[in-house]
Amino acid sequence: MTTYHDVLEAFEGYKASRSQKDWNKLWFLCEERMAALVKTKAKGLSVPLDAMDLIDLIRDASIRVLRRLKEADDVTEDYISVTFYNENRTAFEEFNRINKRWQRMNKAAGILNSANHVQ
């Protein structure tokens, strides 16, 4: 299992070299670590997520983590841990917000469709 220490080492390697190879390694480790967090959180949901939703959540949260790491002045294991936690939570919040919006739109469309059938 990927640890925050692994991510820190990969980040430091990328920071030193700025090579595509080191970036790919950092990306892979971030996705792997985030996958564990997202899947753990998803297990506790009352409605299971489908595979594509899981992949989207993992990717979105990983991108957020990488953006934060690149912008940070002082990256430590603690900073990485907090960042993963926060971006995982934010990705789920955004996912839920988007799903609620779609549910409201579908409900409105259903009401409009049923009103059209009555006339």
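Just so you know, these numbers come straight off a predicted model, no measurement behind them.

## A look at unusual backbone geometry
No. 1: A positive phi angle, close to 55°, is found at Arg18, a residue other than glycine.
No. 2: Considering the arrangement of structural elements, one finds Arg18 in the loop between helix H1 (4-17) and helix H2 (20-43).

## Side note on a negative patch on the surface
No. 1: Where like charges cluster on the molecular surface, the negative patch consists of Glu9, Glu12, Glu77 and Asp78.
No. 2: Of all the secondary structure elements, the ones that give two or more residues to the negative patch are H1 and helix H4 (77-118).
No. 3: If you trace the backbone, Glu9 turns up in helix H1.

## Digging into the environment of Trp27
No. 1: Here Trp27 is to be found in helix H2.
No. 2: The residues touching Trp27, leaving out its near neighbours within four places in the chain, are Arg59, Ser62, Ile63 and Leu66.

## Side note on the packing of H1 against H2
For any two helices packed against each other, the geometry is given by the interaxial angle and the distance between the axes.
No. 1: Where H1 contacts H2, the axes come no closer than 8 Å and their chain directions differ by 160°. By the criterion of interaxial angle, the relationship of H1 to H2 is roughly antiparallel. As H1 runs across H2, the sense of the crossing is left-handed. Across the interface between the two elements, Tyr4, Asp6, Val7, Ala10, Phe11, Gly13, Tyr14 and Ser17 of H1 pack against Asp22, Trp23, Lys25, Leu26, Leu29, Cys30, Arg33 and Leu37 of H2.
No. 2: Residue composition of the contact of H1 with H2, grouped by class: 10 nonpolar, two polar and four charged.

## Quick notes on the confidence of the model for the protein
No. 1: Averaged over all residues, the pLDDT of the protein equals 91, while 95% of them reach at least 70.
No. 2: The least confident element of the protein, judged by mean pLDDT, is H4 at 84; the most confident is H1 at 97.

## Some thoughts on the side chain of Ser62
No. 1: When you line up the elements, Ser62 lands in helix H3 (residues 51-71).
No. 2: Every residue in contact with Ser62, bar those within four places of it in the chain, is listed here: Trp27, Cys30, Glu31 and Met34.

So, how was this worked out
- Residues numbered from 1 in each chain as written.
- Predicted model: local features only at pLDDT ≥ 70, side-chain atom pairs only at ≥ 80, totals over all residues.
- Heavy atoms only, no water.
- Helix = DSSP H or I, 4+ residues; strand = E, 2+ residues; numbered from the N terminus.
- Patch = residues over 30% accessible without salt bridge, like charges linked within 9 Å, V, L, I, M, F, W, Y side chains within 5 Å.
- Areas by Shrake-Rupley, 256 points an atom, 1.4 Å probe, with all protein chains shown as cover.
- Salt bridge = Lys/Arg side-chain N within 4 Å of Asp/Glu carboxyl O.
- Lys, Arg positive; Asp, Glu negative; His and termini not counted.
- Charge placed at Lys NZ, Arg CZ, Asp CG, Glu CD.
- Contact = heavy atoms within 4.5 Å.
- Axes fitted to C-alpha atoms, helices over the stretch in contact; angles between N-to-C directions.
- Parallel < 35°, antiparallel > 145°, perpendicular 65-115°, else oblique.
- Left-handed = near helix turned anticlockwise from the far one by under 90°.
- Nonpolar A, V, L, I, M, F, W, Y, C, P; charged D, E, K, R; others polar.
- pLDDT = per-residue confidence, 0-100.

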